Amino acid sequence: MKNKLIYSYDITMRCNLRCSYCYATDILDNKKSGDVAVADKVVQAFKDYKENYPGHIIELDLLGGDPLVAANIWDFIDAYMETGFDLWIITNLMMGKRTLTKAKEYLNKYPKLGICATWHSERGHALAAALSPLSPKPIIPCSCAPVAVCITQSYGVCICRR
């Protein structure tokens, strides 16, 4: 297997939670939805990379704030997925029904898209369960916090961190 390069990109500093364990708690700002021009440059950089280094394996982890509240998230995903590289969205899943429905659609649309969810509540378990039909493995509920669940078309597991 070839080497895999993993990049992280804070697409927004907006977040609907203030988790004590979050690396970005001190810099979150709900007035900063994300810069579309910068996001476009990020996508172009990965397209250029693919053109210049065919065959390389890349993964981009979208962070923030919470990427699912970024104003341009769906356009960004559509554009980035043209690269053929993997994309992970790190989210708390504390979104409305419309956003979760859209996330399901995008998981079905893009095999190289994954969602890694972290949360502190039972509601998070319910929301993850709503996405779990996309995964052949069940999402195992647990009572510890924070909890991380990774959901892709290939697997879904609950990873407890203390």
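Because the structure is a prediction, the values reported are computed rather than measured.

(A) Spotlight on the packing of aromatic side chains. With the rule as written, the count across this model stands at 8 aromatic pairs. Taken together, a centroid distance of 5.4 Å and an interplanar angle of 80 degrees make the contact between Y7 and F46 edge-to-face. Within this pair, whereas Y7 is found in strand β1 (residues 4-12), its partner F46 is found in helix α1 (residues 36-52), the two being separated by 39 residues in sequence. Owing to a relative accessible area of 9%, F46 belongs among the buried residues under this scheme. Between F76 and Y80, the ring centres sit 6.1 Å apart and the planes meet at 10 degrees, which makes this aromatic pair stacked. Here Y80 and F76 lie together in helix α2 (residues 73-81), a separation of 4 residues that amounts to about one turn. Judged by its relative accessible area of 0%, Y80 is buried. Linked through ring pairs, Y7, Y9, F46, F76, Y80 and F85 together constitute an aromatic cluster. Over the aromatic face of F85 sits the side chain of K50, whose NZ or CZ is 5.7 Å from the ring centroid.

(B) Main features of the packing of α1 against α2. Closest axis-to-axis distance for the α1/α2 pair is 9 Å, and the angle between their directions is 10 degrees. Taken together, the axes of α1 and α2 lie roughly parallel to each other. Regarding α1 and α2, the two cross each other, and that crossing is right-handed. Here A39, V42, V43, F46 and K47 of α1 come into contact with α2, specifically with F76, A79 and Y80. Here the residues of the contact of α1 with α2 sort into 7 nonpolar, no polar and 1 charged.

Conventions adopted
- Residues numbered from 1 in each chain as written.
- Predicted model: local features only at pLDDT ≥ 70, side-chain atom pairs only at ≥ 80, totals over all residues.
- Heavy atoms only, no water.
- Phe/Tyr/Trp six-rings, centres within 6.5 Å; stacked < 30°, edge-to-face > 60°.
- Helix = DSSP H or I, 4+ residues; strand = E, 2+ residues; numbered from the N terminus.
- Buried < 20%, exposed > 50% of the residue type's maximum accessible area, 1.4 Å probe, protein only.
- Lys NZ or Arg CZ within 6 Å of the ring centre and 35° of its normal.
- Axes fitted to C-alpha atoms, helices over the stretch in contact; angles between N-to-C directions.
- Parallel < 35°, antiparallel > 145°, perpendicular 65-115°, else oblique.
- Left-handed = near helix turned anticlockwise from the far one by under 90°.
- Contact = heavy atoms within 4.5 Å.
- Nonpolar A, V, L, I, M, F, W, Y, C, P; charged D, E, K, R; others polar.

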